[in-house]
Amino acid sequence: MQEYSEKLEDIYDEKLGRHLVASLSIEPGETLLEEQPLLVAPHWECDRLKCAQCLQESYVICRRCQVYPLCMDCSAHDAFECEFFASGAGSGIGKDLLIKNYGICALLKLLLLLEQPDQRAQCQILLERPVKLEDYRNEDGVWQEHEEQVVRPIMESGLAQVLPDQQLTSDALHAHCIRIDTSAYEVTARDGDTLKGVYVRGANLPHSCVPNTVVALDEQFNLKLYAAVPLESGQIIFTSYANPLMGTSQRQHQLRMTRHMECACVRCLDPTELGTHMSSMKCRDCSDGYAVCDLGGTGNWRCLDVSCGAVIPAADVHELLAEVGGALVDAKGELSAYESLLAQNKQLLHPNHFLLLDIKQNIASILRAAALMNSLNDPCKKLLARRVELCGDLLPICRAVIPGISKLYAIALFEYLLSFVELTELQFSEGDVDKKGYAAQLKRAQSVAKEALDLLQFEPENSAEGFLTERIAMELERIESDLMKYGKH
Ligand SMILES: [Zn+2]
Ligand SMILES: [Zn+2]
Ligand SMILES: [Zn+2]
Ligand SMILES: [Zn+2]
């Protein structure tokens, strides 16, 4: 299954390489591409053996090939891989190959796919992708990791000699590793661990921090790409590989590190980040001005109020961000640490600044966990109200950064809904609001739940988002039955 919508065209240009454009107009929610993964494997740094068949934790080794880990439930794995080491070309390779070098898993899979004529065509699309090794060589992180965990163990194992047609050199293996990394999405295994799913087409779309598509992954790791917004003929199909809740310079850093690319999307070129001000600072000179980064010029932050125009040097901003970022790591789940960070930095950063959002999300999740623990005795109204406020603060930002159908926004709505309903019910049961007020609040909850369900309607049933949909539908049912009871005037 590697199917494209007929409404897409595969084209090539210098800047983007091979990419897809809409050839007809496309409605939000329309499926653009369905694809099975070329391979799913643990991350390079994974050190716990996974079953070669089901990818859950492994306890035994395949009796036939004596190379691949299996679990108690699986008695066999891919026949070609097993045969290759049992009695095929790889039978002379040390049986401890994977046990000693588990990091090679993903690349070993690719090398063995390349040995199979019926699989080679799919792999070929991946291999045709140009990789500029000089962009990566001598780079501390990625290159070293590939070298130590994957390339060297494979070169020393004797595999290159038993796969002579592939002419494996250490550079060729490095290029494969980079292609695997840049064509992968993180997928979640049944045991909750994250794995790397390599998709030849669906994970190699051009990037924009404001994507026009949504990627859905089901439990079998099948990928479905669908339109997030209406698309007109000629529009390029974009996905996003960056965290939308980070500021521009942090997203760009992430993209440089992982994809070696510079983003010039509408959000990256807009100092206000689509009006969200997620990287804006409070002006130090005037009382209500905000300073934004002078992107094309000095890189300093300048007050937007023209009559003020005060400048904050870029170095000062970066120093502050590094300091707050470090403090966030040090806070380690400690509520009071987050609260004091929030209080300190409210004076310096725009209320929507991504670091404040990060702090607020941490506080909200601590409050949520606390509410779950003492939900039976005394859920403190003040804490609940605070959680509602924090979740509410995130909504307009999530709405603004990903237009159209957005899972990010749907999840933010769900978090808000949970806290809002909990607070509303408590206020009603304690007599703070009367029937009429309660019904009005329930109506609000109903519309939030419906909006979230609307955004998740194109997600596959057997996926994390599918389960979330069920959860919200249950909540909606409860809300509506209470509305029936109390909503009549
Ligand atoms: Zn298994
Ligand atoms: Zn085997
Ligand atoms: Zn961008
Ligand atoms: Zn100012």
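Look up: the structure comes first, before these words.
K.L.:
It is not clear to me how the overall build of the protein should be interpreted in this structure. Could you clarify?
P.N.:
Helix and strand content of the protein: 17 helices and 15 strands. In terms of overall dimensions, the protein is globule-like: its C-alpha atoms have a radius of gyration of 26 Å, near the 23 Å expected for 489 residues. Seen through its C-alpha atoms, the protein measures out along the principal axes to roughly 75 × 60 × 50 Å. Restricting to contacts in the protein with at least 6 residues of sequence separation, those with at least 24 account for 62%. By element, 51% of the accessible surface of the protein is carried by carbon and sulfur atoms, the whole surface being about 23,700 Å². Taken as two groups, the 46 positive and 71 negative side-chain charges of the protein have centres that lie 4 Å from each other.

K.L.:
What exactly am I supposed to notice about the coordination of the zinc ion (ligand 3) here?
P.N.:
Octahedral metal centres with six donors ideally show angles of 90 or 180 degrees, and tetrahedral centres with four donors ideally show 109.5 degrees. With distances of 2.3 to 2.4 Å, the protein atoms coordinating the zinc ion (ligand 3) are Cys209 (SG), Cys263 (SG), Cys265 (SG) and Cys268 (SG). In terms of primary sequence, the donors binding the zinc ion (ligand 3) are separated according to C-x53-C-x1-C-x2-C. Of this pair, Cys209 sits in the loop between strand S9 (194-198) and strand S10 (213-217) while Cys268 sits in helix H10 (residues 266-269), and the two are 59 residues apart along the sequence.

K.L.:
Explain the sheet that holds S9 here, please?
P.N.:
Two pairing modes exist for strands in a sheet, parallel and antiparallel, and in both the strands are linked by backbone hydrogen bonds. Spatial strand order, S5-S9-S8: three strands in an open sheet with antiparallel pairing. With partners counted over all chains shown, the strands left at the sheet margins are strand S5 (39-41) and strand S8 (184-188), one partner each. Neighbouring strand axes in the sheet, compared pairwise and without regard to direction, differ in orientation by 30° on average. Note: S8 against S9, five bridges, orientation antiparallel.

K.L.:
Help me understand the packing of helix H11 (residues 314-331) against helix H12 (residues 335-346), please; the structure alone is not making it clear to me.
P.N.:
In helix packing, the relevant descriptors are the interaxial angle and the interaxial distance, both defined with respect to the helix axes. Viewed as axis vectors pointing N to C, H11 and H12 meet at an angle of 165°, and their least axial separation amounts to 9 Å. Considering their axes alone, H11 and H12 lie roughly antiparallel with respect to each other. H11 and H12 meet at a crossing whose hand is left-handed. Along its contact with H11, which presents Leu320, Val324, Ala327, Leu328 and Ala331, the element H12 presents Ala337, Tyr338, Leu341 and Asn345. The class makeup of the residues in the contact of H11 with H12 is eight nonpolar, one polar and no charged.

K.L.:
Would you take a moment to explain helix H15 (residues 407-429) for this structure?
P.N.:
Because an α-helix completes one turn every 3.6 residues, residues spaced three or four positions apart along the sequence face the same direction. Taking 1.5 Å per residue as the helical rise, H15 with its 23 residues ought to reach 33 Å, and the 33 Å between its terminal C-alpha atoms agrees with that figure. Of the residues trailing H15, Gly431 is marked for its positive phi of about 80°.

K.L.:
When you look at the sheet that holds strand S13 (residues 290-293) in this model, what are you seeing that I'm missing?
P.N.:
The sheet built from four strands is open, its strands ordered S12-S13-S14-S15 with antiparallel pairing. Sheet topology places strand S12 (281-282) and strand S15 (311-312) at the edges, where each strand pairs with a single neighbour. Note: S12 against S13, two bridges, orientation antiparallel. The partner of Met281 across the bridge, within S13, is Ala291.

K.L.:
What is the right way to read the pairing of S13 from this model?
P.N.:
A regular strand places its side chains on the two faces of the sheet in alternate fashion. Alignment of S13 against strand S14 (residues 301-303), held across three bridges, turns out to be antiparallel. Within the sheet, the bridge partner assigned to Ala291 lies in S14 and is Cys303.

About the criteria used
Residues numbered from 1 in each chain as written. Chains lettered and ligands numbered in written order. Predicted model: local features only at pLDDT ≥ 70, side-chain atom pairs only at ≥ 80, totals over all residues. Heavy atoms only, no water. Helix = DSSP H or I, 4+ residues; strand = E, 2+ residues; numbered from the N terminus. Rg over C-alpha atoms; globule rule 2.2 N^0.38 Å. Contact = heavy atoms within 4.5 Å. Areas by Shrake-Rupley, 256 points an atom, 1.4 Å probe, with all protein chains shown as cover. Lys, Arg positive; Asp, Glu negative; His and termini not counted. Charge placed at Lys NZ, Arg CZ, Asp CG, Glu CD. Donors = N, O, S within 2.8 Å, 3.2 Å for Na, K, Ca; no water. Pairing = 2+ DSSP bridges. Axes fitted to C-alpha atoms, helices over the stretch in contact; angles between N-to-C directions. Parallel < 35°, antiparallel > 145°, perpendicular 65-115°, else oblique. Left-handed = near helix turned anticlockwise from the far one by under 90°. Nonpolar A, V, L, I, M, F, W, Y, C, P; charged D, E, K, R; others polar. Expected span 1.5 Å × (residues − 1).

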